[in-house]
Amino acid sequence: MDTPANSAVAEPARETPVYGHCDVLVIGGGPAGTAAAVAAAREGAEVILVERYGCLGGLSTGGLVSWIDRMADWRGNLVVAGIGEEIMDRCGKDTTLGPERDVWGSKNPVEAAYWRVRTAALRGTVQWSPTVDPEILKLVSHDIVREAKVRVIMHCWVVAAIEEDNAVTGVIFESKQGRYALKAPVVIDCTGDGDVFAYANAGYDDDFDAESAHARLNTSFRFGNVNMRRYLDFRMLRHAEHKDVMRRAAAEGIKLLAHPTPYESVALFLTPKLAGYSALNIADLTEVEFISRDVARKGLEFYRANVPGFERAWIHDTAAQIGTRHARRLSGVERITIDHWRADGRYPDSIGLCPGFTEAFPTLQIPYRSLVPESVDGLLAAGRNLSADTKSHAALREIPECWVMGEAAGIAATMAVAGKIKVRDVDVAELQSKLEIRGAIIDPPDDGRGREDDGESMESELEDSIHWRAVDEQRAFD
């Protein structure tokens, strides 16, 4: 499609009707947005949550990224609690695949081997990184916002920010019903891609490492009618044969590794992760959708013919939301850097935790200031669009950390509205106290320090661990 340079059409001036007012307006109903809306409402705020799809949970549900990643540190101490822990508890054991609490942090080789192929062991250590049924996670997310009396508006796409005196005071959204405005003294950008702060001309970074799994796109899918027990026996007990099959698949352009789910008849595929595409380019997004589903069809044919347990499999579903890992990152008052994390990991304005990449890294304290724009007022950013460098972002973009940031942003927004102050002037000590009362964890257990190590070794471990899942998947083919 050829478009002449600088071509444009003129749109007539118009007035946009106001759809509603609220105290706290949350844009994006993923993990961060769900937590932000619930936290603000539980503090007594009138909250509106705007979501462009037909369910809450974001990539954890609509994107089928139902593998939740680590919620405990390397010694098995829970570090992500609060609303995130509540959501996982409410999903229930019957629809969650993960180790019992008494083996979190175990280095027993048998336990680690068992949970490694079930995506819950890393570097020989059993992790609390559960896989949950995405449909149950949708229902739980819907329940929790309704119980908190959050007003949810779905199937709406924000297209502009409303600004007054260098402060965001609302948004414009488009929908089947038309174009409307929503007004609020505080807006929380939980879009993941930083859409609201980009519309508000807040500073942001969009640099990324084009070669890493951190920047890749994919549309996930699941196969049904699978015998996962038979497949896992094949993968673990006939390891050389499994590798040979995966090599033959890779030679045909099929780099797929099946992940277990809570159900033995369903397999999850979070690959292929496609490099060189932008999460902000609609042509790229469209191409990834086509490629991912073509690979699902081709992969199903190969798996049925060659992989034990998949002889009668079929495509259960493909994700409604494309899997994006990186787009824009806020230029915040504080920018989390990998150097600071490696050296210390502490921030005085901690609002929650993120487990270290490796045992050599301390548990990171996530600073409130990483959610606050450098200059624009009336706005917070929570989720994978926080202020961080690319290497630290690789862990901070995960679902548990999004719950952590969302809960803190929701409470902070309510404090700003109640006190009629700017979000950057919120009393951090009071915010921390409110978070702890609500069950969040803001200080690492036993200081969260890992083993002492030299910088060169830590850098090597970091490079491996940032891509640990891609590395683990690749080993199946090498």
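Refer to the preceding data block for the structure.
In short, a report on the structure. Remember, predicted model here, so these are calculated numbers, not experimental data.

Analysis parameters
Residues numbered from 1 in each chain as written. Predicted model: local features only at pLDDT ≥ 70, side-chain atom pairs only at ≥ 80, totals over all residues. Heavy atoms only, no water. Helix = DSSP H or I, 4+ residues; strand = E, 2+ residues; numbered from the N terminus. Buried < 20%, exposed > 50% of the residue type's maximum accessible area, 1.4 Å probe, protein only. Lys, Arg positive; Asp, Glu negative; His and termini not counted. Charge placed at Lys NZ, Arg CZ, Asp CG, Glu CD. 1 Å grid on protein atoms, 1.4 Å probe; cavity = no way out; pocket = protein on both sides within 12 Å on 5 of 7 lines; lining within 4 Å. Points joined across faces, edges and corners; volume = space filled by probe spheres on them. Nonpolar A, V, L, I, M, F, W, Y, C, P; charged D, E, K, R; others polar. Phe/Tyr/Trp six-rings, centres within 6.5 Å; stacked < 30°, edge-to-face > 60°. Pairing = 2+ DSSP bridges. Axes fitted to C-alpha atoms, helices over the stretch in contact; angles between N-to-C directions. Contact = heavy atoms within 4.5 Å. Core = buried A, V, L, I, M, F, W, Y, C linked by side-chain atoms within 4.5 Å. Salt bridge = Lys/Arg side-chain N within 4 Å of Asp/Glu carboxyl O. Polar contact = N/O pair within 3.5 Å; in protein donor to acceptor, adjacent residues only side chain to side chain.

## Structural notes on the overall build of the chain
Line of reasoning, step 1. Looking only at helices and strands, the chain features 14 helices and 21 strands.
Line of reasoning, step 2. Summarising its shape, the C-alpha atoms of the chain cover approximately 65 × 55 × 45 Å along the three principal directions.
Line of reasoning, step 3. Every one of the 478 residues in the chain was classed for burial, and the buried ones make up 59%.
Line of reasoning, step 4. Charge separation in the chain, taken as the distance between the mean sites of 54 positive and 73 negative side-chain charges, equals 5 Å.

## Some thoughts on the layout of surface pockets
Picture a little ball the size of a water molecule; that probe, rolled over the atoms, points out where space is still empty.
Line of reasoning, step 1. Space inside the second largest pocket adds up to approximately 350 Å³.
Line of reasoning, step 2. Lining the second largest pocket are 16 residues, and of these Asp89, Lys93, Pro99, Trp104 and Trp128 lie nearest its centre.
Line of reasoning, step 3. A total of three residues in the lining of the second largest pocket trace back to one element, the largest contributor, which is helix 2 (residues 82–91).
Line of reasoning, step 4. Split by residue class, the lining of the second largest pocket holds eight nonpolar, three polar and five charged.

## Here we look at the packing of aromatic side chains
Line of reasoning, step 1. Evaluation of the coordinates by the stated rule reveals 18 aromatic pairs.
Line of reasoning, step 2. Where Trp104 meets Trp128, the ring centres are 4.9 Å apart and the plane angle is 15°; that geometry is what we call stacked. Highlighted residues: Trp104 in the loop between strand 4 (96–97) and helix 3 (109–116) and Trp128 in the loop between strand 6 (125–126) and strand 7 (131–132), separated in sequence by 24 residues. Residues Trp104 and Trp128 agree in their burial class; the two are buried.
Line of reasoning, step 3. When the ring of Phe269 is compared with that of Tyr303, the centres are 5.4 Å apart and the planes differ by 90°; the resulting orientation is edge-to-face. Linking Phe269 in strand 16 (residues 267–269) with Tyr303 in helix 8 (residues 282–306), this pair joins segments that are 34 residues apart in sequence. Each member of the pair, Phe269 as well as Tyr303, is classed as buried.
Line of reasoning, step 4. Each residue in the set Phe221, Phe223, Tyr231, Phe269, Tyr303 and Phe310 is aromatic and connected to the rest through ring pairs, giving one cluster.

## Examining the sheet that holds strand 14 (residues 221–224)
Line of reasoning, step 1. The strand order across the open sheet built from four strands is 15-16-14-17, with neighbouring strands paired in antiparallel fashion. Either end of the sheet is taken by a strand with one partner, and the two such strands are strand 15 (259–260) and strand 17 (314–318).
Line of reasoning, step 2. As paired elements, strand 15 and strand 16 share two bridges and run antiparallel to each other. What sits directly across from His259, in strand 16, is Leu268.

## Regarding the sheet that holds strand 21 (residues 379–381)
Line of reasoning, step 1. One open sheet holds the five strands; their spatial order is 8-3-2-12-21, and the pairing between them is parallel. Every other strand in the sheet has two partners, leaving strand 8 (151–154) and strand 21 as the edge strands with one partner each. Strand-to-strand twist of the sheet, defined as the mean angle between neighbouring strand axes without regard to direction, takes the value 20°.
Line of reasoning, step 2. As paired strands, strand 2 (residues 24–27) and strand 3 (residues 47–51) are joined by four bridges and run parallel to one another. Opposite Val26, over in strand 3, you have Leu49 as the bridge partner.
Line of reasoning, step 3. Across the sheet, helix 11 (residues 399–419) touches strand 2, strand 12 (186–189) and strand 21, and the angle it forms with strand 12 is around 165°.

## Overview of the pairing of strand 12
Line of reasoning, step 1. Here strand 12 shows a buried face lined by Val186 and Ile188 and a second buried face lined by Val187 and Asp189.
Line of reasoning, step 2. With four bridges joining them, strand 2 and strand 12 adopt parallel strand pairing. Bridging from a neighbouring strand, Val24 pairs with Val186 of strand 12.
Line of reasoning, step 3. Here strand 12 runs beside strand 21; their pairing, made up of three bridges, is parallel. From the neighbouring strand, Ile188 faces strand 21, where its bridge partner is Leu380.

## Structural notes on the nonpolar core
Line of reasoning, step 1. Val26, Val47, Ile188, Ile351, Tyr368, Leu380 and Leu431 are the most contacted members of the largest nonpolar core, which totals 76 residues.
Line of reasoning, step 2. Counting residues per element, this core draws most heavily on helix 11, at twelve residues.
Line of reasoning, step 3. Setting aside residues no more than four positions away along its own chain, Leu431 makes contact with Ile351, Tyr368, Ala408, Ile411, Ala412, Met415 and Val426.
Line of reasoning, step 4. Counting residues in each nonpolar core, the second largest holds 25 residues, with Val245, Ala296, Phe310 and Ala313 among its members.

## Quick look at the side chain of Asp189
Line of reasoning, step 1. One can find Asp189 in strand 12.
Line of reasoning, step 2. At 7.0 Å, Arg328 is the nearest oppositely charged side chain to Asp189, a buried residue that forms no salt bridge.
Line of reasoning, step 3. In terms of polar contacts, Asp189 uses its side chain to reach the backbone amide nitrogen of Val196, at 3.0 Å.
Line of reasoning, step 4. Beyond its immediate stretch of four places on either side in the chain, Asp189 contacts Ile27, Gly194, Asp195, Val196, Phe197, Leu379, Leu380, Ala381, Ala382 and Asn385.

## A short note on helix 2
Line of reasoning, step 1. When we look at burial in helix 2, the residues that qualify are Gly82, Ile83, Gly84, Ile87, Met88 and Cys91.
Line of reasoning, step 2. In this fold, the buried residues of helix 2 make contact with helix 1 (31–42), strand 4, strand 7, helix 4 (134–147) and helix 11.
Line of reasoning, step 3. Phi turns positive one or two residues past the end of helix 2, at Gly92, with a value near 85°.

## Concerning the environment of Ile442
Line of reasoning, step 1. Along the chain, the position of Ile442 falls in the loop between helix 12 (428–437) and helix 13 (455–466).
Line of reasoning, step 2. A relative accessible area of 4% means that Ile442 is categorised as buried.
Line of reasoning, step 3. Once the C-alpha coordinates of Ile442 and Val404 are considered, the two residues, 38 residues apart in sequence, prove to be 9.4 Å apart.
Line of reasoning, step 4. When sequence neighbours within four positions are dropped, the list of residues in contact with Ile442 reads Ser350, Ile351, Gly352, Leu353, Gln365, Gln432, Leu435 and Glu436.

## A few points about the pattern of salt bridges
Line of reasoning, step 1. Within the structure shown, the criterion is met by 32 salt bridges.
Line of reasoning, step 2. Between Asp349 and Arg369 there is a salt bridge, and its shortest N-O distance comes to 2.7 Å. Placement of Asp349 in the loop between helix 9 (338–343) and strand 19 (350–354) and of Arg369 in the loop between strand 20 (364–367) and strand 21 is noted, with a sequence separation of 20 residues between them.
Line of reasoning, step 3. Given the relative accessible area of 5%, Asp349 is considered buried.
Line of reasoning, step 4. For Arg369, a relative accessible area of 27% gives the class partly exposed.
Line of reasoning, step 5. Through salt bridges with shared partners, a single network forms among Arg42, Glu86, Arg90 and Glu147.

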